[in-house]
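If you want the building blocks of each chain, they are given just below.
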Amino acid sequence: MPAPTTPDDATSLHTPRLLLRRWHRADLDALAAVNAQLEVMRYIHDGRTLDRAETAERLATYQRHWDEHGFGLYAVELKETGELAGFTGLAVPAFLPEIMPAVEIGWRLGRAHWGRGLATEAARAVVAHTRARLGLRRLVSIHVVGNEASARVMVKLGMSLERETVQPDTGRQVRVYAMDL
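Predicted model, so just to flag it, every value in this text is computed and none were measured. (Residues numbered from 1 in each chain as written. Predicted model: local features only at pLDDT ≥ 70, side-chain atom pairs only at ≥ 80, totals over all residues. Heavy atoms only, no water.)

**Q** In this structure, what is going on with the nonpolar core? I would like to understand it.
**A** Nonpolar side chains in soluble globular proteins tend to end up buried together. In terms of nonpolar packing, the biggest core is built from 29 residues, with Leu20, Ile105, Trp107, Leu139, Leu157 and Met159 touching the most fellow members. Taken together, the elements giving at least two residues each to this core come down to strand E2 (18-21), strand E3 (73-78), strand E4 (84-91), strand E5 (104-109), helix H4 (118-134), helix H5 (148-156) and strand E8 (173-180). A total of 7 residues in this core trace back to one element, the largest contributor, which is H4. Listed in part, the 13 residues of the second largest apolar core include Trp23, Leu50, Leu59 and Tyr62. (Core = buried A, V, L, I, M, F, W, Y, C linked by side-chain atoms within 4.5 Å. Buried < 20%, exposed > 50% of the residue type's maximum accessible area, 1.4 Å probe, protein only. Helix = DSSP H or I, 4+ residues; strand = E, 2+ residues; numbered from the N terminus.)

Spelled out as structure tokens, the structure:
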């Protein structure tokens, strides 16, 4: 895998096909379209889709996370077309208190972008950047049981199953994958 290139402020990463960057206001409608896809959202939180207003709230949360932690979720843009495919990046998984403190790597792509290796490509760039620049020693990823495509990305990243548990706010069965950096 080619190493990502990063500017000094680390607000963007480049892969052969993707630009991972901080969010723009103009991303709202494209992300809302991703969040409105039932097939995309069925394994996210309680499985319901999000409307435009809820997506706007999430974008504001993503921006605050960057400001508070110095890392966060990147918008994933296709270099060839400039289209927003979804996101990948780092977050603090406070929704699963039993694993805290922790930093989670996660991703979400619109259905049209599945099956092309984009989630793995983007996540590998984030892992490489995290190893090289962020000084974190460990990453986790949360797999909602049934979302086998996401679990395959975790394994491709070199993560291993650490535990099985239940997400307290939804009652969903989840598997926690982890990797040392």
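There is more to say, and it comes next.
**Q** Can you walk me through the pattern of salt bridges in this structure?
**A** If charged atoms from side chains of opposite charge come close, those side chains can pair. Counted according to the given criterion, the structure contains 11 salt bridges. A salt bridge links Arg22 to Asp67, with the shortest nitrogen-to-oxygen separation between them at 3.7 Å. Remark: Asp67 occurs in helix H3 (residues 52-69) and Arg22 occurs in the loop between E2 and helix H1 (28-35); sequence separation between them is 45 residues. By relative accessible area, Asp67 is classed as exposed at 60%. Residues joined by salt bridges that share partners form a network here, namely Arg21, Asp27 and Glu77. (Salt bridge = Lys/Arg side-chain N within 4 Å of Asp/Glu carboxyl O.)

**Q** Sorry, what's going on with the pairing of E4 here?
**A** Every other side chain in a regular strand lies on the same face of the sheet, so the side chains alternate between the two faces. Among the 8 residues of E4, 8 are classified as buried, and the element is accordingly described as predominantly covered. The sheet contact formed by E3 and E4 spans 5 bridges and is antiparallel. Bridged to Tyr74 within E4 is Thr88. Linking E3 back to E4 in an antiparallel pair, the connection comprises 5 residues, with Gly82 at a positive phi of about 80 degrees. Two strands pair when backbone bridges link them, and E4 and E5 are joined in this way by 6 bridges, in the antiparallel orientation. The residue of E5 that forms the bridge with Thr88 is Trp107. (Pairing = 2+ DSSP bridges.)

**Q** What should I look at first to understand the packing of aromatic side chains in this one?
**A** Within a pair of aromatic rings, the relevant descriptors are the distance that separates the centres and the angle that separates the planes. Scanning the entire structure with this criterion turns up 4 aromatic pairs. Aromatic pair Trp23 and Tyr62: ring centres 5.8 Å apart, planes at 35 degrees, arrangement tilted. Linking Trp23 in the loop between E2 and H1 with Tyr62 in helix H3, this pair joins segments that are 39 residues apart in sequence. The pair Trp23 / Tyr62 is uniform in exposure class, with both members buried. Measuring from centroid to centroid gives 5.0 Å for Trp66 and Tyr74, while their planes differ by 80 degrees, and the two rings are edge-to-face. Residue Trp66 is classed as buried on the basis of its relative accessible area, which comes to 5%. An aromatic cluster of three or more residues is present, and its members are Trp23, Tyr62 and Phe87. (Phe/Tyr/Trp six-rings, centres within 6.5 Å; stacked < 30°, edge-to-face > 60°.)

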